[in-house]
Amino acid sequence: MSGRGRLTLGAYAATLMAAGALLPLVKPATWIFTAAILLALQSGAGALTRRVPLARPLTIAAQVVVSLLTLTLVFAREQALLGLLPGPQAFGRFAELFRSGADDVGTYATPAPDTLGIRLMVVAGVLVIGLLVDTLAVTFRSAAPAGLPLLALYSVAAGLSEGGASWMWFLLAASGYLLLLLAEGRDRLSQWGRVFGAAPRAARPGAVGSGGGQPLAPVRTGRRIGAVAMGLALAVPAVLPTLSGGLFGGPGSGPGESGKGGTISAVNPLVSLQDNLRQPEDREVLRYRTNATDTSGLYLRLVALDQFDGTSWKSSVRPIEDVPKPLPRPDGLSGQVATTEVTGNFVASSTYEQKWLPMPYPASRVEIGGRWRYEPAGRMLVGDDGQNTRGARYTVASLDVRPTAAQLASAPPASAQLRAEYTKVPDSLPLDVRATALQVTKGARNDYERAVKLQDWFATDGGFRYDVEVESGTGVQAISRFLERREGFCVHFSFSMAAMARTLGIPARVAVGFMPGRPQADGAMSVGIRDAHAWPELYFEGAGWTRFEPTPTRGSTPEYTRQQSPTDTPSESAQPSAGATAAPSAAPSRSESCPPQLRRLGECGPDAAVAGDLSDGGGVDPLTVVLVCLGVAVVVLLPLTPLLWRTRARTARLGSSGRTAEDAVARTLAAWREIIDTAWDHGVAPDESATPRKTAARIVRLGALEGEPANAVHRVARAVEQVLYAPEPRPGTGLVDEVSLVRSGFAAVSSRKVRLRALLAPRSAVRVLWTASSRWAVLSDRWGARREAVTLRATGALRRLTRQQG
């Protein structure tokens with residue numbers, strides 16, 4: 001294979017190995033097969049055009065054309081001319097898919113579903129990186145700069161992964177880059193020809209010369225480039241902000257420096273809720289102390305979802321600013337509504353990472369260190385530049401708003417602007433949603449009574465059942481299916497009540513956060529991951545955004561709705577826990593005696609995690625365990641490979657037990673080879689052009705051997721001369737003891753550093769590469785000869801056929 005062919009394969013392999021870091025971001029990861037096939041076609045196009053040869057710009061242009069054609073064939077075949085040639089309709093299809101993909105990555109948390117839009121974005125991104133790597137490494141024959149696009153690909157994947165990319169993906173990407181460097185190094189050395197020096201082996205990559213045992217300059221340069229690239233790949237993701245909210249554009253990721261404004265595009269934090277609800281594990285995420293006399297309504301709010309497109313709720317793009325002191329008064333809250341300011345001191349767990357800050361609503365003052373920003377419309381605090389809640393300590397003063405039923409019933413209409421924004425429903429919403437809302441609220445005289453009727457219908461009167469096993473569902477028919485089947489979890493209840501309220505003209509949105517948690521023996525409140533919850537907030541002029549609780553067996557029914565609601569039992573989260581201790585609880589919301597049936601139905605404690613970034617998951621996937629074990633084995637065994645090979649080689653050389661004359665000769669030569677390699681491991685490079693006697697003298701002199709070790713080297717050298725040159729070979733005896741003497745001699749005169757190098761990283765282990773290279777050359781020659789023979793036969797047959805037809 002030619003040098004460019006090896007470089008092309010190296011660039012292809014390096015790109016695919018670096019693209020492995022994207023696998024955890026999209027599930028299922030079948031897109032990698034599409035990317036591999038299209039990338040192979042792109043690389044093949046480059047290889048063919050370079051063989052013509054074409055000018056470099058034409059080679060790149062040909063690869064771009066092939067990439068565009070293949071993308072059209074896969075993603076826009078129906079809109080293309082002849083199913084392959086991209087035209088205006090095909091480009092329109094690409095634009096539509098990219099918009100759809102952008103919406104998907106703003107909606108789903110990682111791992112996102114493999115939608116067509118996301119698949120196009122990922123595959124096209126891999127092709128772009130592959131084109132850059134191929135152009136730099138193969139077309140311009142400079143593999144070192146090709147590490148930059150590979151580094152960019154890995155760094156983006158690491159930054160977008162929850163908690164950063166796994167070390168296995170880094171190891172894979174780094175190996176791909178080093179493979180590319182080795183391919184280029186072999187190509188360059190083959191162009192230079194053999195490098196003559198003190199030893200014939202010095203021309204081989206990685207060989208050690210006699211002058212101090214240092215590798216050749218090209219190899220040293222390649223190693224340094226690889227080390228720098230690995231260091232950058234480790235350092236860059238460490239300083240990038242972790243976007244745990246979704247694939248792109250999580251909270252706090254908007255432009256602008258601190259204090260300079262910016263925007264926040266918050267993704268839907270409820271994407272992974274059902275998976276977390278099904279997990280039995282629990283952990284404490286937050287602990288706080290408060291002066292509130294009643295904590296049953298002290299919900300800890302993270303984010304408000306105010307945008308409803310018929311299929312899901314998500315946050316709007318909002319401007320953010322520095323956290324004001326104090327926070328402005330809540331919109332719509334008048335002085336006639338009773339309020340009491342309560343204060344809480346919060347401590348987040350060191351294992352809890354969240355971009356939103358959990359705090360009671362509405363907060364009036366927040367004292368916290370770090371890079372936090374304020375979103376006024378939702379009254380949320382979001383981390384900026386990678387800031388999250390891990391180990392955070394903060395104090396929040398909030399208002400306990402207590403409107404009366406009369407005040408809510410007599411509330412005037414909200415402003416036209418607010419109603420236009422928060423009562424908007426899509427045209428695709430099924431008609432039965434509004435029809436059901438009208439039927440349930442029949443007889444209500446005002447928006448307050450309509451809201452209470454909706455809450456009571458979901459919580460008690462409508463025959464709904466709380467069940468986390470029900471699929472969350474997607475599409476515009478999801479709410480209709482839920483209203484028909486009447487079973488689901490808090491996402492169904494909060495989403496449906498908010499949507500139905502909007503159809504009645506009541507401003508509504510969905511809040512995500514935690515229920516108050518459980519009291520502990522020391523007076524603190526412990527909030528577990530299973531306290532995560534979603535609930536609707538409805539707007540009433542004079543009281544502002546007001547909480548309702550439609551989910552059965554969850555949370556607490558607000559006091560201002562209890563006059564018309566038979567459900568006035570506080571939630572389990574507000575009840576003291578028997579046997580609670582002052583120590584932090586690893587499972588603050590789980591009853592160990594609760595049977596699995598009730599736990600599955602949610603009767604054992606509050607909801608599970610709000611999103612994938614609120615929880616580190618539950619059960620362990622067996623495939624993950626296997627992959628991790630294999631990865632650990634590779635990481636442990638890879639550095640020990642030279643030591644293991646050296647030990648095996650020594651055992652094989654000195655362990656032969658044949659009794660024939662040929663076996664005796666082989667034992668003598670093997671012992672001599674072992675002495676040469678032992679000297680090489682301790683810094684004395686071999687000189688295969690010298691005779692055994694001169695080699696022995698050189699080993700004794702450079703190795704500073706004295707006494708019996710030196711005599712043992714000379715005795716084995718004389719035995720080698722006997723078996724090689726004597727008319728009647730007489731193999732030596734006691735060769736194993738002689739080798740042991742030589743090894744002991746080198747150990748006695750060498751420093752600790754040299755001994756450790758000889759043990760853990762023996763220089764003679766390079767013989768493995770030489771052997772593999774020789775075998776590969778033999779196989780290549782055989783394959784080339786067979787291919788040439790087949791070609792000659794085919795050509796001869798074709799000529800005979802042509803003559804016969806002529």
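**Describing the overall build of the protein chain**
Each helix and strand counted, the protein chain has 23 helices and 22 strands in total. With 806 residues in all, the protein chain has 47% of them scored as buried. For the protein chain, contacts bridging at least 24 residues in sequence account for 74% of all contacts bridging at least 6. In the form shown here, the protein chain has an accessible surface area of approximately 38,100 Å², with 59% of it arising from carbon and sulfur atoms.

**Some thoughts on the nonpolar core**
A general feature of soluble globular proteins is that nonpolar side chains tend to end up buried together. Ranked by internal contacts, the top residues of the largest apolar core, which has 73 residues, are Phe458, Phe514 and Leu538. The residues contacting Leu538, other than those within four sequence positions of it, are Ala451, Met497, Ala501, Ile506, Pro507, Ala508, Gly544, Trp545, Thr546 and Phe548. Counting residues in each nonpolar core, the second largest holds 47 residues, with Leu7, Ala19, Ala146 and Ala157 among its members.

**Considerations on empty space enclosed by the protein**
Scanning the model with the defined rule gives four cavities of 30 Å³ or more in all. Considering only enclosed or pocket space, the largest cavity measures out at about 50 Å³ in volume. Taken together, Ala304, Asp306, Ser315, Ser316, Arg318, Glu375, Ala377, Gly378, Met380 and Tyr422 form the lining of the largest cavity. Tallied by class, the residues present in the lining of the largest cavity amount to four nonpolar, three polar and three charged.

**Comments concerning the sheet that holds strand β12 (residues 363–368)**
Across the sheet, which stays open at both edges, the six strands sit in the order β12-β15-β10-β4-β20-β19 with antiparallel pairing between neighbours. Only two strands of the sheet have a single partner each, and these edge strands are β12 and β19 (518–519). Pairing of β19 with strand β20 (residues 525–528), which is carried by two bridges, proceeds in the antiparallel orientation. Each bridged residue has a counterpart across the sheet, and for Pro519 the counterpart in β20 is Met525.

**A short note on unusual backbone geometry**
In most cases, non-glycine residues show a negative phi, while peptide bonds are predominantly trans. At the junction of Lys325 and Pro326, the peptide bond is cis and its omega measures out at -10° in the coordinates. For Pro326, the position within the fold is in the loop between β9 (321–322) and β10 (338–348). Each neighbour pair has its own omega, and for Tyr361 with Pro362 the value is -5°, a cis peptide bond. Among the structural elements, Pro362 can be located in the loop between β11 (359–360) and β12. The phi dihedral of Arg379 is positive, around 55°, even though this residue is not glycine. The topology assignment puts Arg379 in the loop between β13 (372–375) and β14 (380–383).

**Looking at the confidence of the model for the protein chain**
Overall, the prediction assigns the protein chain a mean pLDDT of 77, with 74% of residues at 70 or greater. Segment residues 239–268 is flagged for pLDDT under 50; beyond a separation of four residues in sequence, or across chains, it makes 93 contacts in the model. Low confidence marks residues 564–620, where pLDDT is under 50. Its contacts with residues over four positions away, or in another chain, come to 157 contacts.

**Focus: the packing of aromatic side chains**
The relative placement of two aromatic rings is captured by the distance of their centres and the angle of their planes. Inspection of the entire model under this criterion finds 19 aromatic pairs. For the ring pair Phe91 and Phe94, a centre distance of 6.4 Å and an interplane angle of 65° mean the geometry is edge-to-face. Of this pair, Phe91 and Phe94 are both found in helix α4 (residues 88–107), three residues apart, which corresponds to roughly one turn of the helix. On the basis of relative accessible area, Phe94 is assigned to the buried category, the value being 8%. Measuring from centroid to centroid gives 6.2 Å for Phe548 and Tyr560, while their planes differ by 75°, and the two rings are edge-to-face. Note that Phe548 is positioned in the loop between β22 (544–547) and α16 (596–600) and Tyr560 in the loop between β22 and α16, a separation of twelve residues in sequence. Each member of the pair, Phe548 as well as Tyr560, is classed as buried. What links up through ring pairs into an aromatic cluster is the set Trp457, Phe458, Phe464, Phe482 and Phe493. The ring of Trp545 is capped by Arg509, whose NZ or CZ atom sits 4.0 Å from the centre of that ring.

**Some remarks on the sheet that holds β13**
The pairing of strands in a sheet comes from backbone hydrogen bonds and takes either a parallel or an antiparallel form. As summarised here, the arrangement of the three strands in space is β9-β13-β14, forming an open sheet in which the pairing is antiparallel. What marks the edges here is a single partner per strand, and that holds for β9 and β14. Looking at chain direction, β9 and β13 are connected through two bridges and run antiparallel. Each residue of the ladder has a partner; that of Glu321, found in β13, is Tyr374.

**Describing the packing of helix α19 (residues 692–703) against helix α20 (residues 708–725)**
Between α19 and α20, the shortest axis-to-axis distance is 9 Å and the interhelical angle comes to 165°. Of the possible angle classes, the one that applies to α19 and α20 is roughly antiparallel. For the pair α19 and α20, the crossing hand works out as right-handed. When α19 is examined against α20, the residues Pro692, Arg693, Ala696, Ala697 and Val700 are found in contact with a partner set consisting of Ala710, Val713, His714, Ala717, Val720, Glu721 and Tyr725. Split into classes, the residues belonging to the contact of α19 with α20 amount to nine nonpolar, one polar and two charged.

**Side note on the pattern of salt bridges**
Within the structure shown, the criterion is met by 27 salt bridges. One salt bridge connects Asp522 with Arg289, and the closest N-O pair in it is separated by 3.3 Å. One end of the pair, Asp522, is in the loop between β19 and β20; the other, Arg289, is in strand β4 (residues 284–290), and 233 residues separate them in sequence. Classification of Asp522 by relative accessible area gives partly exposed; the value is 28%. Salt-bridge contacts for Glu353 lead to Arg390; the nearest nitrogen and oxygen are separated by 1.8 Å. Of this pair, Glu353 sits in the loop between β10 and β11 while Arg390 sits in the loop between β14 and β15 (393–402), placing them 37 residues apart in sequence. Put simply, Arg646, Arg650, Arg653, Glu674, Asp677, Asp681 and Arg767 are held in one network by salt bridges that share partners.

**As for helix α12 (residues 431–440)**
Every buried residue belonging to α12 is among Val433, Thr436, Ala437 and Val440, and all of these are buried. One side of α12 carries all its buried residues, which in axial view fall inside an arc of 100°. Residues Leu431 and Gln439 are exposed on α12 and point more than 90 degrees away from its buried face. For α12, the elements touching its buried residues are α13 (447–461), α14 (478–485) and α15 (490–503).

**Brief notes about the environment of Ala61**
Tracing the backbone through its elements, the reader meets Ala61 in helix α3 (residues 56–75). Since its relative accessible area comes to 38%, Ala61 is described here as partly exposed. For the pair formed by Ala61 and Gly46, sequence separation is 15 residues and the distance between their alpha carbons is 9.3 Å.

**Some thoughts on the environment of Val754**
In this structure, Val754 sits in helix α22 (residues 752–760). Its relative accessible area of 27% is what places Val754 among the partly exposed residues. For the pair Val754 and His682, spaced 72 residues apart in the sequence, the C-alpha separation amounts to 6.2 Å.

**Considering the side chain of Arg547**
Of note, Arg547 is situated in strand β22. One buried charged side chain, Arg547, makes no salt bridge at all; its nearest oppositely charged neighbour is Glu549, positioned 4.2 Å away. For Arg547, the side chain forms a polar contact with the side chain of Tyr299, separated by 3.2 Å.

Parameters and conventions
Residues numbered from 1 in each chain as written. Predicted model: local features only at pLDDT ≥ 70, side-chain atom pairs only at ≥ 80, totals over all residues. Heavy atoms only, no water. Helix = DSSP H or I, 4+ residues; strand = E, 2+ residues; numbered from the N terminus. Buried < 20%, exposed > 50% of the residue type's maximum accessible area, 1.4 Å probe, protein only. Contact = heavy atoms within 4.5 Å. Areas by Shrake-Rupley, 256 points an atom, 1.4 Å probe, with all protein chains shown as cover. Core = buried A, V, L, I, M, F, W, Y, C linked by side-chain atoms within 4.5 Å. 1 Å grid on protein atoms, 1.4 Å probe; cavity = no way out; pocket = protein on both sides within 12 Å on 5 of 7 lines; lining within 4 Å. Points joined across faces, edges and corners; volume = space filled by probe spheres on them. Nonpolar A, V, L, I, M, F, W, Y, C, P; charged D, E, K, R; others polar. Pairing = 2+ DSSP bridges. pLDDT = per-residue confidence, 0-100. Phe/Tyr/Trp six-rings, centres within 6.5 Å; stacked < 30°, edge-to-face > 60°. Lys NZ or Arg CZ within 6 Å of the ring centre and 35° of its normal. Axes fitted to C-alpha atoms, helices over the stretch in contact; angles between N-to-C directions. Parallel < 35°, antiparallel > 145°, perpendicular 65-115°, else oblique. Left-handed = near helix turned anticlockwise from the far one by under 90°. Salt bridge = Lys/Arg side-chain N within 4 Å of Asp/Glu carboxyl O. Arc of directions from axis to C-beta. Lys, Arg positive; Asp, Glu negative; His and termini not counted. Polar contact = N/O pair within 3.5 Å; in protein donor to acceptor, adjacent residues only side chain to side chain.

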